[in-house]
Each structure stands twice: as structure tokens, then as C-alpha cells.
Amino acid sequence: MRRSLAAALAVASVVVLAPQAQAAPRAVEWAPCADTPTLLCTTLTVPLDYRNPGGERIELAISKLPSTKPAQRRGVLLLNPGGPGGSGLGMPAGLAAAGLPVSVLDTYDLIGFDPRGVGQSSPVTCDLRPDQIASNVPPYAKDAADVAARAEFARTVAKQCAESSSGARLSFISTANTARDMDLIREALGEPKISYFGGSYGSYLGAVYATLFPERTDRIVLDSVTGPGGLDPAGARLMGQGMEDRFPDFARWAADRDGTYELGRNPRQVKAKYFELAAKLDANPVAGITGALFRHYTFGSLYGDANFPVLAQQWQALDRAEAPVAVQAAQDVTNLLSSQLYVVCGDADWPEDVGTYQRNVEQDRKRYPMFGAASANIWPCAFWGTEPAEPPVAITDDGPSTVLLVQNRRDPATPLAGAREMRRALGDRARMVTVDQGGHGTYLSENACANNAVTRFLVDGTRPARDVSCGADRSAFGTLSDEQRRARERAFAEVHPGLG
């Protein structure tokens, strides 16, 4: 039987496995990236197991967008888009396309990388079948029987991960080891310190790096912030609250357009329509869309306001018992979902008893009726093939005051409640900018107040003396044409992808 998380924490709050007896890093040799010629790419080998630095090694794929003014260059800004499992190789170009200010492009070489197990960095697999790759966020469970059925699915996926060609790496694909990889990237680039920008799960990765290597941090920006445990069981359950926080934005938007979509004349009626449609689809799916899939699709569409029109069209079709217009298929997420499981299940010791999830689902169905019975449902982590190799890294206030958090008030995936927990854990190391807007992703959104606060911190180190609250404001990109705005919105979504 695996130790409980509480027992693991009682043994040790953090285990720091600094790179040992490493050979001097070779000179980094850059060449144009095959997929994005505007970026430079290279590879770096790192230990699979930092407890055995002379053992097996894996490759990391790294990209660079050099400073536009090398004479003004401060250093490097490492980037992570979240997930976990999100590829970061294209993120430097993505941030530039999303409107990253020239002053930031002047100040840093932007460094992207595929974390261990992801994309081009010794990718892992769970040999997922097409019917297993919808999402790692579990489906809404109507009752205890649904949880038990999902448990069998989860058990199968966990077994596939363990028996796959990369199953021997289960213990080593973790947030702590990715943070150690980041420090070897820093060393290979010849930098005494690194600055960092990470969103969603990437906020947790940045907090872990700042905990393990506090004196090697320059300016750390954490966007759309998780709780201090990352995507552990408590962090996963927060998505139920996130749905409740965020849905009113869509309800108001749809009510204002009732003449077009006929979903309700006021937000209360739009919310009632959500429950009405979910119940109808639970009883009689339309074109293969069940109530669980409807809830899940609605949740995912709340990541950005740009999704609202398509979401409303889908609701309208389903309300008429018509097959909704097909949404453009997403990119292949097989590796993303596999590597996400390796990280999430390797970072924390999840409960193994199915009854625990049944009780959590029943509790969260009442607390967060829109989505709580999904976010509390069982993950393959309950049946994972290995125990966590080390206790979770305990985020604390021990270290320099080099961290800035930026957070939407109504984020569905990483809600404000979790960000506030992270803020408390970091103490005086951090300041937080809270923004009166919804959606997942804050920096480079439409809010000028938030954008300016982050840009000032990255460029000249000016951090607010105290936590800041930004009002609703959509003036940051007011001069763009419609075509430019759509292109920026696509780029923004790519660098703030959220959960798989």
C-alpha cells in the first residue's frame, strides 16, 4: 500500500537533489528550428534520475528567440505553457505573435523547451487508443456507479502507461525533475540566474524551481496560478469551483444575445438551460453527445471569451435535438495526455480507494453542481504503477522576493482560490496582481493594467509594493484590426492552453 500524502509530507517536506558531479556542459550549438525557422534550436542531455547522475540520460529539445537588442540584453527568460504536457518549443514565437512588448523582446533571449517526456524531449507514451484521448479531466459522474465505471477505465489506462515502451520512466517524469532540468539549461546557457514566465501548470513548475533554486531566480512571473500543490487531488477538484466562478460571464453574454441564440433572456435562465440540456443529454444523447460530454465541452469553452459564439451555437443546436456544427479537430494530444499523467501521478500520492472518489464526487456535486462531479472523479493516478519517487516540493516563503503572480478573478481551470493559496505559501517572496476578468491566461490579454504590471517587472524589475487589483479593462490592443485581433487571439490561446 502506498503511503498517504500526509504521511509522505510528515517524513520530509522537500528533498533537494541538486545535480551532482556533472561534466562541464558542452557549448550550446544553435541551428534554425525545423518547424519554426524564425527560432533557433538545440538539444541538451540530462540525467533521467538525478539520484544517479551517471546513469541513463535523456534529451531535452530547446529553442531560442534571441534578444532584438543584444546590447540591452539582461539574460534569458525561460517559458512554459502549462499542461502539464504542453510543448514549449514554439512558445517564444507564440508570445511574440500574441503581442509581447518590444521592450521584453529587447531585454531577454526567450527560451522555450519541451519538458522531459514531452514532444521532442524523449517523449513518453501510454499507448492511448483513439477512444481514450478525449481528455484527462474525468467525465461528470451522475452517481457512484459512474465513478466505479470510470475507475475501470482509469485502471486500464494506468496499466497501459506502466506497460508501455516508456513505462520504466514512470518515477522520473515529475515537476521536481523538470525544475532540475531547467537549472541544467541555465548552466548550459552560461547564465548565473534565469527569469521565467509560466502559465497554468507552468506556474507550479516556476514555483517549484524558485523553491529548489531560490538564489538562481531573477524575475519569476506566474500566470493563471495553481494552488501550491499543483495539479494534485485538491488542485483537480478546484476546477469545480472554477466553473462556478466563470460561468456567469458566459451567461451574461448569452442573455445579451437571446434574440440570436434563444438560451435565456437573463443569466439565471441561461444557467437553468445548462442544467436542462445536461439532463436531456444524460437521458437521450444527441449525435453521440452525452450529458457528460456537454458539461466537459462547456467547461473547456470557458477558457476564453472568443469561444462563446461557437459554444452558444452548440447549445442552440442541442436544444433543438440537432447535431451541432462540428468543431475543428484539435491537434494530436496523445503525447500531451500521456506525459500529463506521468507528471500528475508522479508528483503526488493519490487515494487508491474508489470509495474515496465516490464520496468526493457526491460532496462536490452539491458544492459545485455545474462541474464538481467531474473534477472530483477518479484519475488513473489512483492505480499508478509506481509510488512518487519523493515527497511533493513544499512551496515556502524562503528565498528572495523575485516572484510576481498575475491572476484572473474568474479562471475556470486555475481559480482564484488556488492562486490565493499559492500567494500565501510564497509569503513576502511574491506580489499578486488580480484582474477583474474571466478566462484562462492573464498576461497579454486585453487588460492594460495587468499587462503593464508584468511588463514593468520583466523589463526594469519594478514590482508592486503590495498586491494590486486591476479593474475590468479591454484597452490593451485597441488599435488592432479585426484580422490582427483574431490572429493575436489564436496566438494567445496557444501560449495559454490550459489542461489537456
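Residues numbered from 1 in each chain as written. Predicted model: local features only at pLDDT ≥ 70, side-chain atom pairs only at ≥ 80, totals over all residues. Heavy atoms only, no water.

### Describing the packing of helix α7 (residues 233-255) against helix α9 (residues 267-283)
Here is step 1 of the chain: Relative to each other, α7 and α9 sit at 115°, their axes nearing to 8 Å. Considering the angle they form, α7 stands roughly perpendicular to α9. Relative to α9, α7 is oriented so that their crossing is right-handed. Contacts between α7 and α9 involve Met243, Glu244, Phe247, Phe250, Ala251, Arg252, Ala254 and Ala255 from the former and Pro267, Val270, Lys271 and Tyr274 from the latter. (Axes fitted to C-alpha atoms, helices over the stretch in contact; angles between N-to-C directions. Helix = DSSP H or I, 4+ residues; strand = E, 2+ residues; numbered from the N terminus. Parallel < 35°, antiparallel > 145°, perpendicular 65-115°, else oblique. Left-handed = near helix turned anticlockwise from the far one by under 90°. Contact = heavy atoms within 4.5 Å.)

### Details of the side chain of Asn80
Here is step 1 of the chain: Residue position: Asn80 is located in strand β4 (residues 75-80).
Here is step 2 of the chain: Residue contacts for Asn80: discarding those within four places in its chain leaves Met91, Pro115, Tyr196, Phe197, Gly198, Gly199, Tyr201, Gly202 and Leu205.

### Looking at the pattern of salt bridges
Here is step 1 of the chain: The full count for this structure, using the stated rule, is 32 salt bridges.
Here is step 2 of the chain: A salt bridge links Arg51 to Asp49, with the shortest nitrogen-to-oxygen separation between them at 3.1 Å.
Here is step 3 of the chain: The partner of Lys273 in a salt bridge is Glu276, and the shortest N-O contact between them spans 3.4 Å. Residue Lys273 and its partner Glu276 are located together in helix α9, separated by 3 residues, close to a single helical turn.
Here is step 4 of the chain: Here Lys273 falls in the buried class, since its relative accessible area comes to 12%.
Here is step 5 of the chain: With a relative accessible area of 33%, Glu276 lands in the partly exposed category.
Here is step 6 of the chain: A cluster of three or more residues bridged by salt bridges with shared partners is formed by Arg246, Asp249, Arg252, Asp305, Arg410, Asp436 and Arg474. (Salt bridge = Lys/Arg side-chain N within 4 Å of Asp/Glu carboxyl O. Buried < 20%, exposed > 50% of the residue type's maximum accessible area, 1.4 Å probe, protein only.)

### With respect to the nonpolar core
Soluble, globular proteins show a tendency: their nonpolar side chains are buried together.
Here is step 1 of the chain: Counting residues in hydrophobic clusters, the biggest one holds 109 residues, and the most contacted among them are Leu78, Leu222, Phe247, Phe250, Phe294, Trp315 and Leu405.
Here is step 2 of the chain: Ignoring any residue separated from it by four or fewer positions in sequence, one finds Phe247 in contact with Val270, Lys271, Tyr274, Thr298, Leu302, Trp315 and Met370. (Core = buried A, V, L, I, M, F, W, Y, C linked by side-chain atoms within 4.5 Å.)

### What about the packing of aromatic side chains?
Here is step 1 of the chain: Enumeration according to the criterion identifies 19 aromatic pairs in this entry.
Here is step 2 of the chain: The interplanar angle of 20° and the centroid separation of 6.2 Å between the aromatic rings of Phe250 and Trp253 together place this pair among those described as stacked. Highlighted residues: Phe250 and Trp253, both in helix α7, separated by 3 residues, approximately one helical turn. Across this residue pair, the class does not change: Phe250 and Trp253 are buried.
Here is step 3 of the chain: Between Tyr274 and Phe275 the ring centres are 5.3 Å apart and the planes differ by 85°, which places this aromatic pair in the edge-to-face class.
Here is step 4 of the chain: The exposure class assigned to Phe275 is partly exposed, which follows from its relative accessible area of 32%.
Here is step 5 of the chain: Taken together through their ring pairs, the aromatic side chains of Phe247, Phe250, Trp253, Tyr261, Tyr274, Phe275, Phe294, Phe308 and Trp315 make up a single cluster.
Here is step 6 of the chain: Across from the ring centre of Tyr140, 3.7 Å away, lies the NZ or CZ of Arg295, which sits over that ring. (Phe/Tyr/Trp six-rings, centres within 6.5 Å; stacked < 30°, edge-to-face > 60°. Lys NZ or Arg CZ within 6 Å of the ring centre and 35° of its normal.)

### Brief notes about the state of the cysteines
Here is step 1 of the chain: This model, assessed by the stated rule, comprises 4 disulfides.
Here is step 2 of the chain: Bridging Cys345 to Cys381, the disulfide has an S-S length of 2.1 Å. Judged by the sign of its S-S torsion, about -75°, the cystine formed by Cys345 and Cys381 is left-handed. Taken together, the positions of Cys345 in helix α12 (residues 334-347) and Cys381 in the loop between α14 (372-375) and β8 (403-410) put the pair 36 residues apart, joining distant regions of the chain.
Here is step 3 of the chain: Since its relative accessible area comes to 1%, Cys345 is described here as buried.
Here is step 4 of the chain: Cys381 gets classed as buried once you look at its relative accessible area, which sits at 0%.
Here is step 5 of the chain: Linked covalently through their sulfurs, Cys449 and Cys470 form a disulfide whose S-S length is 2.0 Å. On the sign convention where negative means left-handed, the S-S torsion of about -65° between Cys449 and Cys470 marks this disulfide as left-handed. Here Cys449, found in helix α16 (residues 448-460), pairs with Cys470, found in strand β10 (residues 468-470); they are 21 residues apart in sequence, far enough to count as distant.
Here is step 6 of the chain: Judged by relative accessible area, which is 1%, Cys470 ranks as buried.
Here is step 7 of the chain: Assigning the bonded cysteines of the protein consecutive numbers by sequence position, one obtains the connectivity 1-2, 3-4, 5-6, 7-8. (Disulfide = S-S within 2.5 Å.)

### Considering helix α10 (residues 291-301)
Here is step 1 of the chain: What α10 keeps buried is the set Gly291, Ala292, Phe294, Arg295, Thr298, Phe299 and Ser301.
Here is step 2 of the chain: In this fold, the buried residues of α10 make contact with α7, α9 and α11 (308-319).

### Digging into the environment of Pro115
Here is step 1 of the chain: With respect to the helices and strands, Pro115 occurs in the loop between β5 (108-114) and α4 (144-163).
Here is step 2 of the chain: Between the C-alpha atom of Pro115 and that of Thr175, which follows or precedes it by 60 residues, the distance is 9.3 Å.
Here is step 3 of the chain: The contact partners of Pro115, leaving out residues within four places of it in the chain, are Leu60, Asn80, Gly86, Ser121 and Thr178.

### A closer look at empty space enclosed by the protein
Here is step 1 of the chain: Here the structure, examined in full by the defined rule, presents 6 cavities of 30 Å³ or more.
Here is step 2 of the chain: Each pocket or cavity is described by its volume, and for the largest cavity that value is around 150 Å³.
Here is step 3 of the chain: Lining of the largest cavity is provided by 19 residues; of these, Ser174, Ala176, Gly346, Asp347 and Glu390 occupy positions nearest its centre.
Here is step 4 of the chain: At the level of elements, α5 (175-188), α6 (201-212) and α12 are the ones that each hand at least two residues to the lining of the largest cavity.
Here is step 5 of the chain: No other element matches the 3 residues that α5 contributes to the lining of the largest cavity.
Here is step 6 of the chain: Split into classes, the residues belonging to the lining of the largest cavity amount to 10 nonpolar, 5 polar and 4 charged.
Here is step 7 of the chain: Quantified by volume, the second largest cavity comes out at close to 110 Å³.
Here is step 8 of the chain: Considering the residues around the second largest cavity, the lining is formed by 14 residues, among which Thr226, Leu231, Gly235, Ala413 and Thr414 are closest to the centre. (1 Å grid on protein atoms, 1.4 Å probe; cavity = no way out; pocket = protein on both sides within 12 Å on 5 of 7 lines; lining within 4 Å. Points joined across faces, edges and corners; volume = space filled by probe spheres on them. Nonpolar A, V, L, I, M, F, W, Y, C, P; charged D, E, K, R; others polar.)

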